[in-house]
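# Structural features, examined
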Amino acid sequence: MDGIYVRFESFPDLDLALESLDPRRGRVHPELRAVREVTVDDRTFEQAVVFIPDGQLGYFLGRIEAYLATSTNDSPRNYKLIDRIQSIGLASLEELWTDPEAEFPTGDDAVWWEVWLRRRDGHEVERLKQFSEAAGAEVGAQTLGFSDRLVVLVRASRTQLARAVDVLDDIAELRRPKEAAGLIALEPAADQAEWVDQLAARTTAASPTAPAACIVDTGVHQAHPLLSGSLHPDDCHTCDPTWGLGVRHGHGTEMAGLALYGDVGAAVVSGGPIHLRHRLESVKIMQRPGTNPPHLWGALTATATSTVEIQAPTRRRAFGMALSAERHGTEGAEAERIMLGQPTSWSAAVDALAAGLGIDVTEDGMVFLDEDEERERRLFLLAAGNVDTFEDGYLERSDVEPVEDPGQAWNALTIGAYTEAVTFDDHELGHEGWTPLAPNGELSPHSRTSVPFHRQWPAKPDVVLEGGNVARSPNGSTFDTPYAFQLLTTKAPIHDARLLTVTCATSAATAQGAHLAASILAEYPSLWPETVRALVVHSAEWTPAMRARFDAERTRQGRVVLFRRYGMGVPDLARATRSATDALTLIAEDVIHPFDGQGRMPEMTLHDLPWPTDVLDDLGGVPVRLRITLSYFVDPNPARRGWQRRYRYASHGLRFDVRHPTESNDDFRKRINQLALAEEEHRPTTHSDAAEWYFGPEQRVAGSLHTDIWHGTAADLAQRGAIAVYPVTGWWKERPNRDRSEAGARYSLIVSIETPGQDVDIWTPVAMEVGVPVVIET
């Protein structure tokens, strides 16, 4: 049936006469499709979209003519309809959007839409699929039916979907997809099984030799249809054979789904094939939360790592451990160390294992079992830990709730949570009038921070990923976590037969981090763990909500406080694995010898970078951005008494600096030597270009991962083509008999330059300089 979509808008703060816009008279009649409220300058307007079939426009014209003919009367005919209408126009895609206006997709990238079709003749979905195939869009595999509507998920750009509105009169309204977490998690076991079987049939597992995300948790239900193809029974382990491999607590299975698929909800509702590129491993490190004594965590973590490595010694893996000790009864001096960010027996064990050491945990610290052997470094992803109670000023609460042990580990990648979940699901009852506690793009109310840490200890979390939101009751007395504010994932059928559930908080964020790290390893299997960690952090960007807070902060100290809340923001797989023409990323993996066995620091490494100087010079005064991330793993001091101070805990430290435009390489080396000596003697230093760095040299030195952003002109950057990496003091220097400098200390240096908004190719000149093949399209 042909026709047009017409938008009716009310006068401010008035409601439209919706009954008159939806007459439902006769076999063919105008039909009200969507209603929404729009607020402009604190005035609220109601908008209604009506589909008017060909030949039915007279319905409205007749009522307008009757109103005009009787307009001199006290009560003109149809005044209840006409007096409320301020404007009439052809409807656009935006007018069919019935969720909050701020959630309407921006840009023209393909995204998922929840498309509501009106029931007409039974062929609505068929017509939508035919259109989508011709337009290059994707229709989800399942359809949800109501009495007069059908709900289908469509992955399309705004331009593609706008064409659908033009040619299909079946579309009634558009919404942000909520079905995955909301409806599917609430469905009975039989209905969930259909979704699961359909996804399993579309999924191809990675090869047995592919990298893995290793879930160190409560065990994983290996027989789950969505996991079994990627988790071989031989890759399921337990730290204690008396526990068995059976799953008694579902947390590990929930983590496994997110670590394997990333976004389980999107995978379930998509209609296309899914080709997985990494696998799963599982180690049961506890039977259920709260059952392990805190002093055993370090030893159990060591057992977990060795168990999987004995089974598959050559497999690349990322260890995902979404567990923490705080809630399990840590007390006394250990709890105080956690509050300040100091190392504990568990976090030090993680640091040692990440550095490739075998350990035995004792009351006095650790014994390194294989200090002189060839090392295999390990990548650990840890949860920042969760806030247990909620309140209106939740950000202030998160800023006094310290990251939980072992999330303060220097060598680990610690994951916090943010959220974009701000839309309630209409089908999940009980939250009428409730509001999301966190705005779109803000820190999740679940997430802890390192704001309480002493400034000498690492800033955590390193990055944040989706961890869900919290709902606030109308009077602010009650808080809840509705399904729509959580993430869909796999479920172990422990108490019932359902195979899908929801999860949230920093555990969910950490599992997604494990997916991201394993995906990078699948793309580049030869990268060091130090490099994968650096790429995750380097790819992160602050959301607009986070960026607004950074922009409002004028002091570096204030920015560092925000850095200890958000890390570097939200990481992205595409940014971590690809350069764009206007955003060039360079990676260097190298070895440095920090000390000479006599307490001296004899070495620095100078990296001459293949800047496209001609391109940058041509840009002249155009603003550019230089971003640098330095990642390395330290050996923790094996003696517990060395865990009180930064320089006595870490075996060594590394720093980076960039050559000034007017410096020769010799002058650059002399300046770096002075900086290293000043830090060793704990003297303050001055940097002539400090104002051009976002955090600055004095603020970016905590931990074993350092990142900063330089802003300047293209011409200035063209003269800064050298970066120095140099050592600073550590316990290796103080204990020459244990100094491992001769074997070398590895590091990864990630450097990127961006020319946002400039139509210029900076990638190709560098690719040609370093010998990367450049494809010429004809």
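Residues numbered from 1 in each chain as written. Predicted model: local features only at pLDDT ≥ 70, side-chain atom pairs only at ≥ 80, totals over all residues. Heavy atoms only, no water.

### Quick look at the sheet that holds strand S27 (residues 605-608)
What counts, and what does not: Only when DSSP finds a minimum of two bridges between them are two strands counted as paired. Secondary structure is summarised from DSSP: a helix means a run of H or I of at least four residues, a strand means a run of E of at least two, and numbering begins at the N terminus for each. Under this scheme, a helix contributes an axis fitted over its contacting stretch, all axes are lines through C-alpha atoms, and angles between N-to-C directions fall in the 0 to 180 degree range. By the convention used here, residues are in contact when the closest approach between their heavy atoms is within 4.5 Å.
Sheet architecture is open: 3 strands sit in the order S27-S31-S29, paired in antiparallel fashion. Across the chains shown, the open sheet's two edge strands, defined by having one partner strand only, are S27 and strand S29 (653-658). Neighbour to neighbour, the strand axes of the sheet diverge by 20° on average, direction disregarded. Both S29 and strand S31 (residues 722-728) contribute to a ladder of 6 bridges, which runs antiparallel. Along S31, the bridge assignment pairs Phe656 with Val725. Relative to S31, helix H21 (residues 665-680) is tilted by about 30°, and along the sheet it contacts S27, S29 and S31.

### Things to note about unusual backbone geometry
A cis amide bond links Asp405 with the next residue in sequence, Pro406, at an omega value of 10°. As for its placement among the helices and strands, Pro406 is situated in the loop between helix H13 (394-398) and strand S18 (413-419). In this chain, Lys460 is followed by Pro461 through a cis amide linkage whose omega measures 5°. Phi angles above zero are rare outside glycine, and Asp13 is one such case at about 65°. For Ala505, which is not glycine, the phi torsion reads 70° and is therefore positive. In this fold, Ala505 is placed in helix H14 (residues 505-523).

### Remarks on the packing of helix H10 (residues 297-311) against helix H12 (residues 345-354)
Here is the rule: Should an angle lie under 35 degrees it is considered roughly parallel, over 145 roughly antiparallel, and from 65 to 115 roughly perpendicular; all remaining angles are considered oblique. Crossing handedness: left-handed means the near helix sits turned counterclockwise from the far one by under a right angle, and right-handed means the same turn made clockwise. Each residue is assigned to one class: nonpolar for Ala, Val, Leu, Ile, Met, Phe, Trp, Tyr, Cys and Pro, charged for Asp, Glu, Lys and Arg, and polar for all the others, Gly among them.
Where H10 meets H12, the closest approach of the two axes is 8 Å, and the angle between their N-to-C directions is 25°. By the angle class used here, H10 and H12 are roughly parallel. Along this stretch, H10 crosses H12, giving a crossing that reads as right-handed. When H10 is examined against H12, the residues Trp297, Gly298, Thr301, Ala302 and Thr305 are found in contact with a partner set consisting of Trp346, Ala349, Val350 and Leu353. Taken together, the residues of the contact of H10 with H12 sort by class into 6 nonpolar, 3 polar and no charged.

### Things to note about the packing of aromatic side chains
Applicable threshold: Each Phe, Tyr or Trp ring, with Trp reduced to its six-membered ring, pairs with another whose centre is within 6.5 Å; inter-plane angles below 30 degrees give stacked pairs, above 60 give edge-to-face pairs, and intermediate values give tilted ones. Only protein chains enter the accessibility calculation, which uses a 1.4 Å probe. A residue is then buried if its area is under 20% of the maximum for its type, exposed if over 50%, and partly exposed in between. A ring is considered to have a charge above it if a Lys NZ or an Arg CZ atom is located within 6 Å of its centre and within 35 degrees of its normal.
All told, the structure shown has 16 aromatic pairs when counted by the stated rule. With a centroid separation of 5.3 Å and 90° between ring planes, the pair formed by Trp97 and Phe104 is classed as edge-to-face. Here Phe104 falls in the buried class, since its relative accessible area comes to 11%. Aromatic side chains Phe104 and Trp113 sit 5.7 Å apart centroid to centroid with 70° between the ring planes, which places their arrangement in the edge-to-face category. In textbook terms, an aromatic cluster arises when at least three aromatic residues are bridged by ring pairs, as seen for Trp542, Phe550, Phe563, Tyr566, Tyr694 and Phe695. A cation over a ring is seen here: Arg559 above Tyr694, with NZ or CZ 4.3 Å from the ring centre.

### Quick word on helix H8 (residues 251-261)
Across the 11 residues that make up H8, a large majority, 11, are buried. Within the sequence span of H8, burial applies to His251, Gly252, Thr253, Glu254, Met255, Ala256, Gly257, Leu258, Ala259, Leu260 and Tyr261. At the C-terminal side of H8, Gly262 shows a positive phi close to 80°.

### Topic: the sheet that holds strand S19 (residues 435-436)
The antiparallel open sheet is built from 3 strands, whose spatial order is S19-S22-S23. Strands with a single pairing partner mark the edges of an open sheet, and in this sheet they are S19 and strand S23 (479-480).

### Describing the confidence of the model for the protein
Counted only if it meets this: What pLDDT reports is the predictor's confidence in each residue, on a scale of 0 through 100.
Across the protein, pLDDT averages 86, with 87% of residues at or above 70. In the predicted structure, residues 772-778 sits below a pLDDT of 50 and forms 7 contacts with residues beyond four places in sequence or in another chain.

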